[in-house]
Amino acid sequence: MTDGPVRQASLREHNLGLVLRQAANALRPPSRADIAAATSLTRATVSALVDDLIAGGLLTEVEPTPRAGAGRPAAGLVLSASGPAGLGLEINVDYLSACVVDLAGTVRHRDVRRADQRPGGPDQVLAEVAGLAADARAHAEREGLVLAGAALAVPGLVTPEGVVRLAPNLGWRDVDVPAAFDGLPVTVDNEANLAALGELHAGPGGPASFLYVSGEIGIGAGIVLHGTLFRGARGWSGELGHVAVRPDGPACRCGARGCLEQYAGQEAILRAAAATGTEDLRVRAESGELAVLGALAAAGEALGVAVAGVVNLLDVEAVVLGGVYAPLAPWLRPAVAAEIRSRVLTDAWSPVDVRPSVLGADAAVVGAAGSVVRTIRNHPARWLTRTVS
Ligand SMILES: [Zn+2]
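Residues numbered from 1 in each chain as written. Predicted model: local features only at pLDDT ≥ 70, side-chain atom pairs only at ≥ 80, totals over all residues. Heavy atoms only, no water.

Asks: Before we go on, may I ask you to explain the packing of aromatic side chains in this structure?
Replies: Aromatic ring pairs are described here by two measures, namely the spacing of the ring centres and the angle between the planes. Enumeration according to the criterion identifies 0 aromatic pairs in this entry. Its end group placed over the ring of Y95, R114 keeps NZ or CZ at 5.6 Å from the ring centre. (Phe/Tyr/Trp six-rings, centres within 6.5 Å; stacked < 30°, edge-to-face > 60°. Lys NZ or Arg CZ within 6 Å of the ring centre and 35° of its normal.)

Following this line, the structure appears as structure tokens:
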């Protein structure tokens, strides 16, 4: 905020957001009168703002909830399920995915294509992602949704302009991603950051400070402190996969030795367990196969050593296991928790919760789509101006 007086237009922008979020966060659809009471705005002001939000496709009126007492109950207001929606896209080493999330946060479309993305190179991979985006847009339009924008999750270091400086496991360097998409505004972010934001906004009751660990072929982390993503001074925090577990360990793709990825990355686990994929690993772990249980325990131990260092440093209250770690959490969690118990100084009186991601393996792509939708919820005036012009 500036120090100057608030312009009338800014006030309206602020109040539009206030009213929209009342409908978004309420346990049951609020009426115009409920919103006026909760915000201290006048009934007339709320009504005018609600009319604008309905006209812009952001709110919808629903049948009133019956209530006791005299008088006709007023219509309730909910976020529109046929208004603007967010497109989430994800590039990972062994799959591409897309999803559409509506304004209310419901996933309306999902598409995953599993294939090794390393041989293709950036041009081919980005062309395939553009194809996924076009399919998702067609699907969204059939459901009466309008894509407001897209966010793309990548496993690497991304500049604020969306240039992928380095994605070691894809072999990408200095790839200008937004330039590959025309006609659709695309923001690009690190996949673990988007997944951590998805986790943060997945529902009430979650921790406000946590480390989200994204287990894929690489290992990324999203650091959330007091409800805010901590990106680091240059936006490149969270490279947990390249934290050293053993300084004299095997060589890593990054050029260093003994990085966590070499012990707990997806390929390292599959190799140790002689498994063909995550689902194979999960099924064989469930049947109690000792070699598989041993491989998962060893990966969990290495992960726990690295994560305990982060917890000692940042004092987060929870560690969320995401990506392929989510379905494998029953077998990874005990070893991770044991390392935290023995290495984190404060654990005796303030234990750290180790839990699987509520969004599961889709956290990054759902988080990406959710980030588009949250921008509209936080700044509805921008969307309304766009639809009017
Ligand atoms: Zn490394």
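Asks: Is there a simple way to explain the nonpolar core in this structure?
Replies: Grouped burial of nonpolar side chains is what soluble globular proteins tend to show. Formed by 44 residues in total, the largest nonpolar core has its most connected members in V19, L53, L58, F210 and Y212. No other element matches helix α11 (residues 363-378), which puts 9 residues into this core. Leave out the neighbours within four places in its chain, and V19 touches I35, L41, L49, V50 and L53. With 42 residues, the next largest nonpolar core counts I219, I223, Y263 and L328 among its residues. (Core = buried A, V, L, I, M, F, W, Y, C linked by side-chain atoms within 4.5 Å. Buried < 20%, exposed > 50% of the residue type's maximum accessible area, 1.4 Å probe, protein only. Helix = DSSP H or I, 4+ residues; strand = E, 2+ residues; numbered from the N terminus. Contact = heavy atoms within 4.5 Å.)

Asks: Mind showing me how you'd approach the domain arrangement of the chain here?
Replies: Reports often express the size of an interface as the amount of accessible area lost when the parts come together. We note that the domain assignment places domain 1 (11-79), domain 2 (84-196 + 364-388) and domain 3 (204-357) within the chain. Measuring from the centre of the C-alpha atoms in domain 1 to the corresponding centre in domain 3 gives 43 Å. (Domains from an automatic or database assignment.)

Asks: Honestly, unusual backbone geometry in this entry has me stumped. Any pointers?
Replies: Backbone geometry follows two general trends: most residues other than glycine have a negative phi, and most peptide bonds adopt the trans configuration. One non-glycine residue with positive phi stands out, namely H226, at about 50°. Tracing the sequence through the fold places H226 in the loop between β12 (219-225) and β13 (228-230). Assessed through its relative accessible area of 70%, H226 is described here as exposed. Positive phi is not limited to glycine here, since A274 has a value of about 50°. One can find A274 in the loop between α7 (266-273) and α8 (278-286).

Asks: Any chance you could explain the side chain of N193 here in plain terms?
Replies: Structurally, N193 is set in helix α5 (residues 191-200). In this view, N193 contacts A221, G222, L229 and R231; residues no more than four positions away in its chain are not counted.

Asks: Would you mind showing me how to read the coordination of the zinc ion here?
Replies: In an ideal octahedron of six donors the angles at the metal are 90 or 180 degrees, and in an ideal tetrahedron of four donors they are 109.5 degrees. Protein coordination at the zinc ion: the donors are H242 (ND1), C252 (SG), C254 (SG) and C259 (SG), at 2.0 to 2.3 Å from the metal. One way to put it: the 4 donor atoms around the zinc ion meet at angles of 105 to 122°, and that makes the site tetrahedral. Written as a sequence motif, the donor arrangement for the zinc ion is H-x9-C-x1-C-x4-C. You can see H242 sitting in the loop between β13 and α6 (261-264) and its partner C252 sitting in the loop between β13 and α6, a full 10 residues away along the chain. H242 gets classed as partly exposed once you look at its relative accessible area, which sits at 22%. (Donors = N, O, S within 2.8 Å, 3.2 Å for Na, K, Ca; no water. Tetrahedral: all angles 85-135°; square planar, octahedral: opposite > 155°, others 65-115°.)

Asks: Mind showing me how you'd approach α8 here?
Replies: Residues that lie three or four places apart on an α-helix share one face, since the helix turns once every 3.6 residues. T278, L281, R284 and A285 are the residues of α8 that are buried. Mapping the buried residues of α8 onto a view down its axis gives an arc of 135°, with all of them on the same face. Summarising the contacts, the buried residues of α8 are in contact with α7, α9 (290-314) and α10 (325-343). The positive-phi residue at the C-terminal boundary of α8 is G288, with phi of around 80°. (Arc of directions from axis to C-beta.)

Asks: Hey, could you run me through empty space enclosed by the protein in this one?
Replies: Empty space among the atoms can be located by rolling a probe the size of a water molecule over them. Overall, the coordinates contain 2 cavities of 30 Å³ or more when judged by the stated rule. The volume enclosed by the largest cavity comes to roughly 170 Å³. If you trace the largest cavity, you find 21 residues lining it, with P155, G156, I219, G220 and E239 closest to the centre. For the lining of the largest cavity, the secondary-structure elements that each account for two or more residues are α5 and β12. In terms of residue count, the dominant contributor to the lining of the largest cavity is β12 (3 residues). In the lining of the largest cavity, the residues fall into 8 nonpolar, 9 polar and 4 charged. Looking at which domains feed residues into the lining of the largest cavity, each of domain 2 (84-196 + 364-388) and domain 3 (204-357) gives three or more. Size it by volume and the second largest cavity reaches roughly 30 Å³. Lining the second largest cavity are E90, E191, Y212, S214, E216, G323, G360, A361, D362, A363 and A364. (1 Å grid on protein atoms, 1.4 Å probe; cavity = no way out; pocket = protein on both sides within 12 Å on 5 of 7 lines; lining within 4 Å. Points joined across faces, edges and corners; volume = space filled by probe spheres on them. Nonpolar A, V, L, I, M, F, W, Y, C, P; charged D, E, K, R; others polar.)

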